[in-house]
Amino acid sequence: MDFSPTHAVAAEARRYFNNHNKQTDLIHYQLPPRELIDEAIAAGEGVLCSTGALVINTGAFTGRSPKDRFIVKDEVTAETVNWDNINQSLEARYFGHLLEKMLRYIKGKKLYVRDCTVCAKNEYRLPVKVINENACANLFAANMFLPPANDFDSDGTHGWYLIHFPHFFADPGTDGVKNKNFVIISFTEKMILIGGTQYTGEIKKAIFSVLNFILPQQHDVLSMHCAANAGQTGDTALFFGLSGTGKTTLSADPKRKLIGDDEHGWDRNSIFNMEGGCYAKVINLDAEKEPAIFKAIKHGALLENVSLLPGSDIVNFSCRKITENTRVSYPLSHIDNALMPSVAAVPSNVFFLTADAFGILPPLSKLTPAQAMYHFISGYTAKVAGTEEGISEPHPTFSACFGAPFMPLHPTRYAQMLGNKIKRHNVDVWLINTGWTGGEYGIGKRMPLKYTRAMIAAVLKGNLETVTFQKHTLFGLKMPTSCPGVPSRLLNPLNTWKNQEQYNKAADRLAGFFATNFQKYAGVVSDEILAAGPIVKKIKV
């Protein structure tokens, strides 16, 4: 098979796309959202709903496909990337071959090109040129990334290129990938290739993966999968958590300034947002419970895979017909109390969010530094019955650093950086269970949002500094015995179960899940961190 030299093909691609910084019949450069929406509607990509937002259907893929994401293995990455079943390697020749095919594919086709940057703090701003064949995807980039800086790297020497052609499909037999869809990152060529999928979340997470590689190594900046907000006195709070745990909802507090809902960096003296927008789940979105997100869904916002009420243009946010993973993207300017620019002081409090569908973990607990490292590396939440095919009971999910699919380096690299920063700045770390109480999913009920918000408010106001704490007998977590606005019996999960013996058995089982997952880190973390996990009588899962 005749493969063109990868670097030569990448150089050709850069020259080709750098000549697209102008408006032509086929090239639509830097279109404003209004024009992108018109283009999308004219092309049949979507329709407007009653709020003015564009509604699209992403087709076969309504979520990311992590098994189809690859990193080119070369001199830059061979000894630095944590190669595993998440960070999958691809030979450089396949990258060059696919890029060459993609260049041939788009000859004579309409393209949408956008120059952007990422990272709100000037020292780390990274130019990104986004090339899409769909107008709606270019709107997503306009919503989620920052405008180009005045000194934008127009010749592409330092910037990155993200090429997204959802209607281009790979040939697994010749292209080195597993399926027709793919996400490929080359750190040497500073390019991202995305094909075969219309799901826009692949765009933002690919850039996030790039920053998670660059920021810690080149700038000694901790890159984090977390939301962040700031109080009126300037105090900052971080919210780590996997999808469905409440990151976006809980950070969108009308009494605090929103820094961002998903991706942030932490350097020596500040927190900064990597993005320029939010990408929120909207399943069961309620105007009273989540007013900031609800108000943000207006003209310029992009709704994905939601259903409209029959015969109308009104969104049915409770409908799961297409997917549970319904989404909206919008710029930070759609949030009334967004902090602009999105840079704030180092945090006073860090919250780890989990949706424990087993109903075992306390709704609020304070962590020691060692426990913070243990739970950060674990990255626990639980999927509930019915969310995925074959899941008939709660299922534990562990994602290191609360974002393993986007972390090219070893999890302990990020954990060590977080641990050092927590100690240096004397940061309090809290574990918040937004999941079930009084029993597992199907028996108990979800912790009411008003109580979770009350607990977080109590922490941020310092109302828990004088209360007493008791230890969870199995997990060793310090649970407050009282909290303003929260019934005291809810604070200890054992008290919420009708049968305490059943609680203890279920707790033993969850502790076993934790221990089994953490075994792979036994040789690379300290004894103190290992000892910070739950007491396990017998690992039995």
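Residues numbered from 1 in each chain as written. Predicted model: local features only at pLDDT ≥ 70, side-chain atom pairs only at ≥ 80, totals over all residues. Heavy atoms only, no water.

Asker: Help me get a handle on helix H10 (residues 411-424), residues and values and all.
Answerer: Helix length check: H10 (14 residues) gives 20 Å between terminal C-alpha atoms against 20 Å at 1.5 Å per residue, within 8%. Taken together, the buried positions of H10 are occupied by Pro411, Thr412, Tyr414, Ala415, Met417, Leu418, Gly419, Lys421 and Ile422. Lining the buried residues of H10 we find helix H6 (201-219), strand E11 (222-230), strand E14 (263-266), strand E22 (347-354), helix H9 (369-378) and strand E26 (428-433). Phi turns positive one or two residues past the end of H10, at asparagine 426, with a value near 55 degrees. (Helix = DSSP H or I, 4+ residues; strand = E, 2+ residues; numbered from the N terminus. Expected span 1.5 Å × (residues − 1). Buried < 20%, exposed > 50% of the residue type's maximum accessible area, 1.4 Å probe, protein only. Contact = heavy atoms within 4.5 Å.)

Asker: Can you tell me about the confidence of the model for the chain, naming the residues and giving the values?
Answerer: When pLDDT is averaged along the chain, the result is 93; 95% of the residues meet or exceed 70. Note on residues 385-391: pLDDT is under 50 here. Beyond four places in sequence and across chains, it has 8 contacts. (pLDDT = per-residue confidence, 0-100.)

Asker: Residue-level account of unusual backbone geometry, with values.
Answerer: The peptide bond linking methionine 340 to proline 341 adopts the cis configuration, its omega dihedral lying at -10 degrees. Note on placement: proline 341 falls in the loop between strand E20 (327-331) and strand E21 (343-344). You will see that asparagine 305, though not glycine, has its phi angle at about 65 degrees, which is positive. Among the secondary structure elements, asparagine 305 is positioned in the loop between strand E17 (302-304) and strand E18 (307-308). Since its relative accessible area comes to 1%, asparagine 305 is described here as buried.

Asker: How would you summarise the nonpolar core if you had to cite specific residues and measurements?
Answerer: Core analysis: the largest hydrophobic core is formed by 106 residues, its most contacted members being Ile192 and Phe352. Considering each element in turn, this core owes the most residues, 9 residues, to H6. Leu90, Tyr94, Tyr161 and Met191 belong to the second-largest nonpolar core, a separate cluster that totals 28 residues. (Core = buried A, V, L, I, M, F, W, Y, C linked by side-chain atoms within 4.5 Å.)

Asker: So what's going on with the sheet that holds strand E3 (residues 54-56)? Which residues, and what values?
Answerer: Overall, mixed pairing links the 5 strands, which are arranged E2-E3-E17-E20-E16 in an open sheet. Of all the strands in the sheet, the pair left with one neighbour each is strand E2 (46-48) and strand E16 (277-281). If you compare each strand with its neighbour and ignore which way they point, the axes differ by 20 degrees on average. Looking at chain direction, E2 and E3 are connected through 3 bridges and run antiparallel. By the bridge assignment for E3, glycine 46 is matched with isoleucine 56. Relative to E2, helix H2 (residues 33-42) is tilted by about 120 degrees, and along the sheet it contacts E2 and E3. (Pairing = 2+ DSSP bridges. Axes fitted to C-alpha atoms, helices over the stretch in contact; angles between N-to-C directions.)

Asker: I'd like a description of helix H1 (residues 6-18), backed by residues and values.
Answerer: Here H1 contains 13 residues, and its C-alpha end-to-end distance of 18 Å stays within 8% of the 18 Å for a straight helix at 1.5 Å per residue. When H1 is considered as a whole, its buried residues turn out to be Thr6, Val9, Ala10, Ala11, Ala13, Arg14, Phe17 and Asn18. Summarising the contacts, the buried residues of H1 are in contact with helix H3 (92-105), strand E6 (111-118), strand E7 (126-132), strand E8 (160-165) and strand E10 (191-195).

Asker: So, the pattern of salt bridges: which residues are in play, and what are the values?
Answerer: According to the stated counting rule, one finds 18 salt bridges in the structure shown. A salt bridge links lysine 205 to glutamate 263; its shortest N-O distance comes to 3.6 Å. Residue lysine 205 is found in helix H6, and its partner glutamate 263 is found in strand E14; the two are separated by 58 residues along the sequence. Among the residues examined, lysine 205 registers a relative accessible area of 11% and is labelled buried. You can call glutamate 263 buried: its relative accessible area is 2%. Residue lysine 366 pairs with aspartate 428 through a salt bridge whose shortest N-O separation is 3.8 Å. Taken together, the residues span a long stretch of sequence, with lysine 366 in strand E23 (residues 364-367) and aspartate 428 in strand E26 at a distance of 62 residues. Of the residues examined, lysine 366 reaches a relative accessible area of 25% and is grouped as partly exposed. Put simply, Lys204, Lys205, Lys247, Asp262, Glu263 and Glu275 are held in one network by salt bridges that share partners. (Salt bridge = Lys/Arg side-chain N within 4 Å of Asp/Glu carboxyl O.)

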